[in-house]
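Close look at the chain arrangement
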Amino acid sequence: QMVINLVPPIVTDNVGVISLDHNAPSTYPVGTTTVVWTAKDDAGNSSSVPQIVIVKDTTAPVITAPANVTEESTGLQTTVAIGVATGTDAVGPVTITSNAPETFPVGTTTVTWKATDEAGNFSTATQVVTVEDTTAPVITGVVDMAEDATGLLTQVTLTVPTATDAVGVVSL
């Protein structure tokens, strides 16, 4: 709802105008409102004229993105609780959307949040989601070995250990 101060029309009459009234509301909704002005003269004659008042919503909503998030990786893709943006609009409700994926890769991803009002006005805000891999790989299968010397140099066949990592490929 919006308060609008109407400018009254200019009214003239040969006898004299005694009243000028209108049916304007105290506040106006978004959209078109017809206000009818009615003038009466001393002889009891009256005349009416419509005035169109158009209220447009051209103001974008206000949006606040959630705080930036840093999370430890749990695999090649990690589920991260990123929160939800909030939005307000002077005229009505807003719809909040984002381009956030369901899971995040290791590294930095910028999530763009968008608040859109019923008139199609929108604003955006960003949130940075960082997934870190700070966990070292796990090496298993290392076996101590004892071999009898067969000369100055002895050939030994090592058992190759295995390495695993939550994030992916490991080289030995």
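Read on for a plain summary of the structure. All values reported here derive from a predicted model rather than from experimental measurement.

Some thoughts on the sheet that holds strand β3 (residues 46-55)
Here we have three strands laid out as an open sheet, ordered β1-β2-β3, and antiparallel in their pairing. Either end of the sheet is taken by a strand with one partner, and the two such strands are β1 (17-22) and β3. Neighbour to neighbour, the strand axes of the sheet diverge by 20° on average, direction disregarded.

Focus: the sheet that holds strand β10 (residues 107-117)
The four strands are arranged β5-β11-β10-β8 in an open sheet whose pairing can be described as mixed. Among the strands making up the open sheet, the edge pair consists of β5 (69-72) and β8 (94-98). On average, each strand axis in the sheet is inclined to that of its neighbour by 25°, with strand direction left out of account. Sheet topology places β10 next to strand β11 (residues 122-132); 10 bridges connect them, and they run antiparallel. By the bridge assignment for β11, Trp113 is matched with Ala125.

Some details on the environment of Pro25
Within the secondary structure, Pro25 is located in the loop between β1 and β2 (31-41). Residues Pro25 and Ile4, 21 residues apart in the sequence, show an inter-C-alpha distance of 9.3 Å.

Some remarks on the nonpolar core
Of all hydrophobic cores here, the largest spans 13 residues; its most connected members are Ile63, Val80, Ile82, Phe104, Val111, Trp113 and Val129. Secondary structure elements with two or more residues in this core: β10 and β11. Look past the residues within four positions of Val80 in its chain and what remains in contact with it is Val69, Glu71, Phe104, Val129 and Val131. Tyr28, Val35, Trp37 and Val55 belong to the second largest nonpolar core, which has five residues in total.

Rules used in this analysis
Residues numbered from 1 in each chain as written. Predicted model: local features only at pLDDT ≥ 70, side-chain atom pairs only at ≥ 80, totals over all residues. Heavy atoms only, no water. Pairing = 2+ DSSP bridges. Helix = DSSP H or I, 4+ residues; strand = E, 2+ residues; numbered from the N terminus. Axes fitted to C-alpha atoms, helices over the stretch in contact; angles between N-to-C directions. Core = buried A, V, L, I, M, F, W, Y, C linked by side-chain atoms within 4.5 Å. Buried < 20%, exposed > 50% of the residue type's maximum accessible area, 1.4 Å probe, protein only. Contact = heavy atoms within 4.5 Å.

Read these as layout, nothing more, since geometry by itself doesn't imply function.
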